[in-house]
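# Observations on the model geometry
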Amino acid sequence: MHRENKSSVQLIHLLGFKIDPTFKFLIMLLILIVYIFSLAGNLMITVLVHLSRNLKHPMFFFLSHLSLCDIILSTNIVPNMLHVIQCEGVTIPFAACMTQFLFFGTAVASECLLLTVMSYDRYLAICNPLRYTSIMNSQLRFWLVILCWFSSFIVSFVAVIMMNTLEFCGQSTIDNFFCDFWPIIKLSCSDTSALEMEQTLIGIPVTLIPVGFICVTYIHIFITILRMSSSSGRQKAFSTCSSHLTVVCIFFGTMVANYVVPSSGNLLNTNKLVSLFYTVVTPLLNPIVYSLRNLEIRMALQKH
């Protein structure tokens, strides 16, 4: 095969959505409004955590990094998505497609790991409150966050490096509004079995282990809460983890719905809608859930 067919000289065409021209402007306006509120909400949480003395607890430190993940995720996807919708499909360089996937993969993997770390934080706070401060000290939470970001970047970067070794010839159209892993490798005319195996092996610790860990920690949390003698104590303990549990269910639920359901036939449009939900709507839900259900954040917002 000639080397001029290498992926480095390919262009990727993103088809986006098939939208009736009558509703195109309305849909674009709606997505833009959601994006602006999402960006404002997550920036608000990030700034408040760094400015307010009442938000120096480990939970809010992790929450600020979760908001940073949402900012990266939505900013990486939404502006280009609006361009795709407006032009009814756009052509981008393969390098730009790889860059978008790198940021997308890093943000999604970091959010998975940060939600796992936050479940451990809630486990310590409820199940081992006497040692919570000494265990979850500033040094530990700093290294936990560094580990989340670094490992997520490495996983995504390795995938990008391996995808750049593939040969791409002929079909270069992705029937989606952004560059995701499986649609990209489907364009390759090389043997992708090694890359698929590598991605599967890396994906297990990034997705399945966090889900299992979160389930185990919340089983212990619920058992501890049910054993509390005071009803007010049970209510207070549950309220400290209910926001996190809500975000976990929304995030992992949409991710599973998108990647477990096969992307073929009529299900492809369903997968697009699910992708739209977790790249546009989910980043908005996180600050809403935490802002409305957390007294400390509401008080800090009123002070500032």
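Bear in mind the structure is a predicted one, so any value in this text is a computation, not a measurement. (Residues numbered from 1 in each chain as written. Predicted model: local features only at pLDDT ≥ 70, side-chain atom pairs only at ≥ 80, totals over all residues. Heavy atoms only, no water.)

### Some thoughts on the state of the cysteines
Counted by the stated rule, this structure contains one disulfide. Here Cys97 connects covalently by a disulfide to Cys179, the sulfurs 2.0 Å from one another. On the sign convention where negative is left-handed, the bridge of Cys97 and Cys179, at about -125° about the S-S bond, is left-handed. Remark: Cys179 occurs in the loop between β3 (173–174) and α6 (181–185) and Cys97 occurs in helix α3 (residues 94–127); sequence separation between them is 82 residues. A residue is classified by how much of its surface remains accessible, and Cys179, at 0% relative accessible area, is buried. Cys127 takes part in no disulfide bond, and the closest cysteine sulfur, belonging to Cys241, lies 9.2 Å away. The class for Cys127 is partly exposed, based on a relative accessible area of 26%. (Disulfide = S-S within 2.5 Å. Helix = DSSP H or I, 4+ residues; strand = E, 2+ residues; numbered from the N terminus. Buried < 20%, exposed > 50% of the residue type's maximum accessible area, 1.4 Å probe, protein only.)

### So, empty space enclosed by the protein
Once rolled over the atoms, a probe with the size of a water molecule shows which space is left empty. Per the counting criterion, the structure on display carries one cavity of 30 Å³ or more. By volume, the largest cavity is sized at about 30 Å³. Taken together, Met59, Phe62, Met118, Asp121, Arg122, His244 and Tyr290 make up the lining of the largest cavity. Only α2 (58–87) and α3 provide two or more residues apiece to the lining of the largest cavity. Of the residues forming the lining of the largest cavity, the biggest block, three residues, is contributed by α3. When its residues are assigned to classes, the lining of the largest cavity shows four nonpolar, one polar and two charged. (1 Å grid on protein atoms, 1.4 Å probe; cavity = no way out; pocket = protein on both sides within 12 Å on 5 of 7 lines; lining within 4 Å. Points joined across faces, edges and corners; volume = space filled by probe spheres on them. Nonpolar A, V, L, I, M, F, W, Y, C, P; charged D, E, K, R; others polar.)

### Digging into a nonpolar patch on the surface
On the surface, Phe142, Trp143, Ile146, Phe150, Phe153, Ile154, Phe157 and Ile161 cluster together into a nonpolar patch covering about 770 Å² of accessible area. Inspection of the secondary structure puts Phe142 in helix α5 (residues 138–163). (Patch = residues over 30% accessible without salt bridge, like charges linked within 9 Å, V, L, I, M, F, W, Y side chains within 5 Å. Areas by Shrake-Rupley, 256 points an atom, 1.4 Å probe, with all protein chains shown as cover. Salt bridge = Lys/Arg side-chain N within 4 Å of Asp/Glu carboxyl O.)

### Remarks on the packing of aromatic side chains
All told, the structure shown has 13 aromatic pairs when counted by the stated rule. With a centroid separation of 5.6 Å and an interplanar angle of 15°, the aromatic rings of Phe153 and Phe157 are classed as stacked. Remark: Phe157 and Phe153 occur in helix α5; sequence separation between them is four residues, near one turn of the helix. On the basis of relative accessible area, Phe157 is assigned to the partly exposed category, the value being 37%. Between Phe251 and Phe252, the aromatic rings sit 5.4 Å apart at their centres with planes inclined by 85°, giving edge-to-face as the arrangement. Accessibility assignment for this pair places Phe251 and Phe252 in one class, buried. Linked through ring pairs, Phe17, Phe104, Phe177, Phe178 and Tyr278 together constitute an aromatic cluster. Over the face of the ring belonging to Phe61 we find Arg141, whose NZ or CZ atom lies 5.9 Å from the ring centre. (Phe/Tyr/Trp six-rings, centres within 6.5 Å; stacked < 30°, edge-to-face > 60°. Lys NZ or Arg CZ within 6 Å of the ring centre and 35° of its normal.)

### Digging into the nonpolar core
In terms of nonpolar packing, the biggest core is built from 82 residues, with Met163 and Ile184 touching the most fellow members. If one sorts the elements of this core by residue count, α3 sits on top with 16 residues. (Core = buried A, V, L, I, M, F, W, Y, C linked by side-chain atoms within 4.5 Å.)

### Things to note about unusual backbone geometry
Even without being a glycine, Glu88 presents a positive backbone phi close to 55°. With respect to the helices and strands, Glu88 occurs in the loop between α2 and β2 (90–93).

### Observations concerning the UniProt feature "transmembrane region" (unreviewed entry) in the chain
The positions that UniProt labels "transmembrane region" (unreviewed entry) are, in the present scheme, residues 25–48, 60–78, 98–120, 140–163, 202–226, 238–261 and 273–292. Secondary structure across residues 60–78 divides into 100% helix and 0% strand, with the first and last C-alpha atoms of the span separated by 26 Å. Along residues 140–163 the backbone is 100% helical and 0% strand, and the end-to-end C-alpha distance reaches 35 Å. (UniProt positions renumbered as here; feature names shortened; annotations may be inferred.)

### As for the packing of α3 against α5
Where α3 meets α5, the axes come as close as 8 Å, and the angle between the chain directions of the two elements is 145°. The interaxial crossing formed by α3 with α5 has right-handed handedness. From α3, Met98, Phe101, Leu102, Gly105, Thr106, Ala109, Ser110, Leu113, Leu114 and Val117 reach across to α5, where they touch Leu144, Val145, Cys148, Trp149, Ser151, Ser152, Phe153, Ser156, Phe157, Ala159, Val160 and Met163. Looking at the contact of α3 with α5 residue by residue, the class counts come to 16 nonpolar, six polar and no charged. (Axes fitted to C-alpha atoms, helices over the stretch in contact; angles between N-to-C directions. Left-handed = near helix turned anticlockwise from the far one by under 90°. Contact = heavy atoms within 4.5 Å.)

### A look at the sheet that holds β2
The strand order β2-β1-β3 describes an open sheet built from three strands, whose pairing is mixed. Among the strands making up the open sheet, the edge pair consists of β2 and β3. Relative to β3, strand β1 (residues 11–14) runs parallel, the two sharing two bridges. Following the sheet pairing, Leu14 is matched in β3 by Ile174. Each of β1, β2 and β3 touches α3; the most contacted strand, β2, lies at about 85° to it. (Pairing = 2+ DSSP bridges.)

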